[in-house]
Amino acid sequence: MSDRITAADVAKVARLARLDLSPQEIERMTAQLDGMLEHFADVDALDLADVAPMTQPFPLVNVFRADVVQPGLDRDEVLAAAPAAQDGRFRVPPTGGVEG
Amino acid sequence: MAAPAMVTAASIAAAVRAGTTKAADLVEQHLATIAAREPEIHAFNLVLADEARAQAARIDALAAEGNDPGPLAGVTVALKDNMCTRGIPTTCSSKILAGWKPPYDATVVRTLQAAGAIVVGKTNLDEFAMGSSTENSAFGPTRNPHDISRVPGGSSGGSAAAVAAGFSHLSLGSDTGGSIRQPAALCGVVGVKPTYGYVSRYGLVAFASSLDQIGPFANSVEDAALVLDVIGGHDPHDSTSIPQPHPSLVGAIQQGVEGLRVGRISDLPAGADPDVQARLDLAFETLQAAGATIVDVEVPAFSFGLTAYYLIAPAEASSNLARYDGVRYGLRVEAADTDSMYGATRTAGFGDEVKRRIMLGTYALSAGYYDAYYGKALKVRRLIHDDFERAYQQADVLLTPTSPSVAFKFGAKGDNPFAMYLCDTYTIPTNLAGHPAMSVPFGTGTEGLPVGVQVLAGTLQEPTMFRVAAALERSMK
């Protein structure tokens, strides 16, 4: 990738990551991310066409257990840790929001 | 530096099991040491004095009744504060989890306690285990017990400092790119990152799930082996834990190193300070004198580890940390709708380094960049793994420095994130490969500060790795 990361890219990524960054933070983050991605140039130079990606140290296999009821987390204990709960459920403000 | 008690965990447990030593007395001794020195070290986010005393009373009662309190009876342990403890705050040293009390225990917490160990506290870390100095903790840094003007390393700096300062016999950390081994080296204690899947990660707050692994800090190789013998093994709650029993490591360390092939990586990235390099050279000589053969091997992709890691780990972190949204637990910053609440909560709750990695990871995974960055990094990961596998056909273990330098001063890495990342040059490739590695204290370097030597081995070759570590340790006595 020879394209440099721009402030507009960073602003878009911040939105995807649900982080509200100030213009100053976006400027600083752009420079820092650009600096980090620069180090990627040496990897970019490798010929990786025939290399299979490795996502895990070991191949993942499907794991089954006996279909027997097991104790789960205690609902009251879980809800006690929530910022807001009501009637045995998590309470949140109105969902959605204006897409910015 | 007063690291007391060069008494092994096994001998302590034996005395407590026999009733000749009281767990209650051991706990009081450690709480007194903590009271004396914790104000200047800040190893802990939380000291669990009452809980430790209660557990000690249970252990002593079991022993008095003639029951066996377990192989770690009365042995004190500190837990990195990213391991869930039921009803006890677990913060990851982040404002976003401040005050959160998990509704369950991590598997390692249950296995340690079932073995008679006594948890004395939750230790400080770089926020969400992202860092190499604990300077990224939202609750202030931990100081190195050998020199409080210097960092203890990170991210498990609190756990390393706790053992080095004599606050606990043992501690647990987590290692995603070197977060056990590097602080172990900087604090002069043993630190082990086992094979991926050796220890259950259930209840370990996730950073990068394909790299994270729990392991011990200890004052001796034998103690570290004992802890892994207790906490290793399959856990139905962690589908990535290896579904087979592990051979005893305590048994393995009794063997010497005669006939073992110890590999020197001829194309290892440069960057180790001369004092660190000198200790590594001596480690090779020591093992040769003990009967091992030194062989030169190449691991060409080793030098690409740092770059691949800093795309893969942030990518996984950006996904894992999406759960901190203010809905179910932790911080919530109230807002008019959920979408605004997510942003406000995450912006207020995460520190700079965590934000930086979430941003980098989100970018690497985003449409148009996925193949170019994340996809390529995964291919480099394969190269690193395969290069190591080839090296392990020629050598039983490899030896490298753990950290390029001894403990550095606070603020020494400045505002350049990459300068800090270079601390993990020698530890990161192991995590990418999924292999085990450990740091063993091996004398001192500049200004009398501890130097660690890293022993690396192939998948599930912990017994051989521990044999070599024990031989290095023996030579220092």
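Model, not experiment: these values are computed from the prediction.

Q: What's the story with the overall build of chain A in this structure? I'm lost.
A: Each helix and strand in chain A was counted, giving 4 helices and 2 strands. Rg of the C-alpha trace for chain A: 23 Å, well past the compact-globule value of 13 Å for 100 residues, more than 25% over. Principal-axis analysis of the C-alpha atoms gives chain A an extent of 55 × 40 × 20 Å. Taking all 100 residues of chain A together, 26% fall into the buried category. Of the roughly 7,000 Å² of accessible surface on chain A, 54% is carried by carbon and sulfur atoms.

Q: How should the nonpolar core be read in this particular structure?
A: The nonpolar side chains of a soluble globular protein tend to be buried with one another. Ranked by internal contacts, the top residues of the largest apolar core, which has 80 residues, are Ile-231, Leu-399 and Phe-466 of chain B. In terms of residue count, helix α7 (residues 221-231) of chain B provides more of this core than any other element does, 8 residues in total. Beyond its immediate stretch of four places on either side in the chain, Phe-466 of chain B contacts Val-192, Val-221, Ala-224, Ala-225, Leu-228, Leu-249, Ile-253 and Met-438 of chain B. By size, the runner-up hydrophobic cluster in this structure holds 73 residues, among which are Val-13 of chain A together with Ala-315, Tyr-324 and Ala-391 of chain B.

Q: When you look at the pairing of strand β4 (residues 170-174) of chain B in this model, what are you seeing that I'm missing?
A: Taken residue by residue, a regular strand's side chains alternate between the two faces of the sheet. All names here are of chain B. Most of β4 sits out of view: 5 of its 5 residues are buried. Taken together, the 3 bridges between strand β2 (residues 76-80) and β4 define a ladder with parallel strand orientation. Note that in β4 the partner of Ala-78 across the bridge is Ser-171. Inspection of the sheet shows β4 paired to strand β6 (residues 214-218) by 5 bridges, in the antiparallel sense.

Q: Please explain the interface of chain A and chain B as it appears in this structure.
A: The figure often quoted for interface size is the accessible area lost as the parts come together. The partner chain B presents 62 residues to the 53 residues of chain A that form the contact. Three residues stand out in chain A for area buried against chain B, namely Met-36, Phe-40 and Met-54 of chain A, and they jointly supply 13% of the buried area on that side. Our count for the contact surface shared by chain A and chain B stands at 4 salt bridges. Asp-339 of chain B is paired through a salt bridge with Arg-15 of chain A; the nearest N and O atoms lie 3.0 Å apart. Between the two partners, chain A and chain B, sit 16 residue pairs in polar contact (both at pLDDT 80 or more). Contributing elements (two or more residues each) for the side of chain A that touches chain B: α1 (7-16), α2 (23-38), α3 (41-44) and α4 (75-80) of chain A. No other element matches the 7 residues that α2 of chain A contributes to the side of chain A that touches chain B. Considering only residue class, the side of chain A that touches chain B consists of 36 nonpolar, 7 polar and 10 charged.

Q: What's the story with the environment of Val-221 of chain B in this structure? I'm lost.
A: All names here are of chain B. Note that Val-221 resides in helix α7. Classification of Val-221 as buried rests on a relative accessible area of 1%. Separated by 32 residues in the primary sequence, Val-221 and Val-189 place their C-alpha atoms 9.2 Å from one another. Non-local contacts of Val-221, meaning those with residues more than four positions away in its chain, are made with Val-190, Ile-253, Met-438, Val-440, Phe-466, Ala-469, Ala-470 and Glu-473.

Q: Even after reading the chapter, I still don't get the packing of aromatic side chains, so can you show me in this structure?
A: Pairs of aromatic rings are described using the distance from one ring centre to the other and the angle between the two planes. Residues and elements named next belong to chain B. With the rule as written, the count across this model stands at 17 aromatic pairs over all chains. A ring pair is formed by Tyr-309 and Tyr-310, whose centres lie 4.9 Å apart and whose planes are at 80 degrees; its orientation type is edge-to-face. Classification of Tyr-310 as buried rests on a relative accessible area of 5%. Taken together, a centroid distance of 6.2 Å and an interplanar angle of 70 degrees make the contact between Tyr-324 and Tyr-329 edge-to-face. Put simply, the rings of Trp-100, Phe-128, Tyr-324, Tyr-329 and Phe-350 pair up and form one aromatic cluster. A cation over an aromatic ring shows up here: Arg-264 above the ring of Phe-284, its NZ or CZ 4.5 Å from the ring centre. The side chain of Lys-413 reaches across the aromatic face of Phe-408, ending 4.5 Å from its centre.

Q: Help me out: how do you make sense of the UniProt feature "domain: Amidase" (unreviewed entry) in chain B in this one?
A: UniProt's entry tags residues 25-464 of chain B with the feature "domain: Amidase" (unreviewed entry), counted in the numbering of this structure. In residues 25-464 of chain B, helix accounts for 38% and strand for 14%; the two terminal C-alpha atoms are 36 Å from one another.

Q: What am I meant to see in the pairing of strand β11 (residues 450-457) of chain B here?
A: Residues and elements named next belong to chain B. Of all 8 residues in β11, 8 are buried, a share of seventy percent or more. As defined by bridge partners, strand β9 (residues 397-401) adjoins β11 across 5 bridges and the pair is classed as antiparallel. Bridge pairing in β11 links Pro-401 to Val-453. One ladder, built from 6 bridges, connects strand β10 (residues 437-444) with β11; its direction is antiparallel. Paired with Ala-437 across the strands is Leu-456, a residue of β11. Hairpin connection from β10 to β11: 5 residues lie between these consecutive antiparallel strands, with Glu-447 at a positive phi of about 55 degrees.

Q: Which parts of the structure should I look at to understand helix α5 (residues 157-164) of chain B?
A: Residues spaced three or four apart along an α-helix face the same direction, because each turn holds 3.6 residues. Counting buried residues in α5 of chain B gives 8 out of 8 residues, a clear majority hidden from the surface. Where α5 of chain B terminates, the next one or two residues include Gly-166 of chain B, which has phi positive at roughly 80 degrees.

Q: Honestly, the sheet that holds β2 of chain B in this entry has me stumped. Any pointers?
A: Note: strands within a sheet are paired through backbone hydrogen bonds, in either parallel or antiparallel orientation. All names here are of chain B. Read from one edge of the open sheet, 11 strands run β1-β3-β2-β4-β6-β5-β10-β11-β9-β7-β8, paired in mixed fashion. A strand with exactly one partner marks an edge of an open sheet, and here the two such strands are β1 (44-47) and β8 (293-297). Strand-to-strand twist of the sheet, defined as the mean angle between neighbouring strand axes without regard to direction, takes the value 30 degrees. Against the sheet, α5 engages β1, β2, β3 (118-123), β4 and β6, with an angle of about 165 degrees to β4. Against the sheet, helix α16 (residues 462-475) contacts β5 (190-193), β9, β10 and β11, and its axis sits at roughly 10 degrees relative to β10.

Q: Would you take a moment to explain the pattern of salt bridges for this structure?
A: By the definition in use, this model includes 22 salt bridges over all chains. Between Arg-261 of chain B and Asp-396 of chain B there is a salt bridge, with its nearest N and O atoms 3.3 Å apart. Of this pair, Arg-261 of chain B sits in strand β7 (residues 261-265) while Asp-396 of chain B is found in the loop between α13 (371-394) and β9, placing the two residues 135 residues apart along the sequence. For Asp-396 of chain B, a relative accessible area of 23% gives the class partly exposed. Salt bridges linked by common partners bring Arg-4, Asp-34 and Glu-38 of chain A together as one network.

Q: What is the right way to look at the packing of helix α2 (residues 23-41) of chain B against helix α3 (residues 49-64) of chain B in this model?
A: Packed helices, taken two at a time, are described by the angle their axes make and the gap between the axes. All names here are of chain B. Relative to each other, α2 and α3 sit at 160 degrees, their axes nearing to 8 Å. Comparing the axis directions of α2 and α3 gives the class roughly antiparallel. Crossing handedness for the pair α2 and α3: right-handed. Contacts from Ala-23, Ala-24, Val-27, Glu-28 and Leu-31 in α2 reach Ala-49, Ala-52, Arg-53, Ala-56, Ile-59 and Asp-60 in α3.

Rules of the game
Residues numbered from 1 in each chain as written. Chains lettered and ligands numbered in written order. Predicted model: local features only at pLDDT ≥ 70, side-chain atom pairs only at ≥ 80, totals over all residues. Heavy atoms only, no water. Helix = DSSP H or I, 4+ residues; strand = E, 2+ residues; numbered from the N terminus. Rg over C-alpha atoms; globule rule 2.2 N^0.38 Å. Buried < 20%, exposed > 50% of the residue type's maximum accessible area, 1.4 Å probe, protein only. Areas by Shrake-Rupley, 256 points an atom, 1.4 Å probe, with all protein chains shown as cover. Core = buried A, V, L, I, M, F, W, Y, C linked by side-chain atoms within 4.5 Å. Contact = heavy atoms within 4.5 Å. Pairing = 2+ DSSP bridges. Buried area = accessible area lost by both parts, 1.4 Å probe. Salt bridge = Lys/Arg side-chain N within 4 Å of Asp/Glu carboxyl O. Polar contact = N/O pair within 3.5 Å; in protein donor to acceptor, adjacent residues only side chain to side chain. Nonpolar A, V, L, I, M, F, W, Y, C, P; charged D, E, K, R; others polar. Phe/Tyr/Trp six-rings, centres within 6.5 Å; stacked < 30°, edge-to-face > 60°. Lys NZ or Arg CZ within 6 Å of the ring centre and 35° of its normal. UniProt positions renumbered as here; feature names shortened; annotations may be inferred. Axes fitted to C-alpha atoms, helices over the stretch in contact; angles between N-to-C directions. Parallel < 35°, antiparallel > 145°, perpendicular 65-115°, else oblique. Left-handed = near helix turned anticlockwise from the far one by under 90°.

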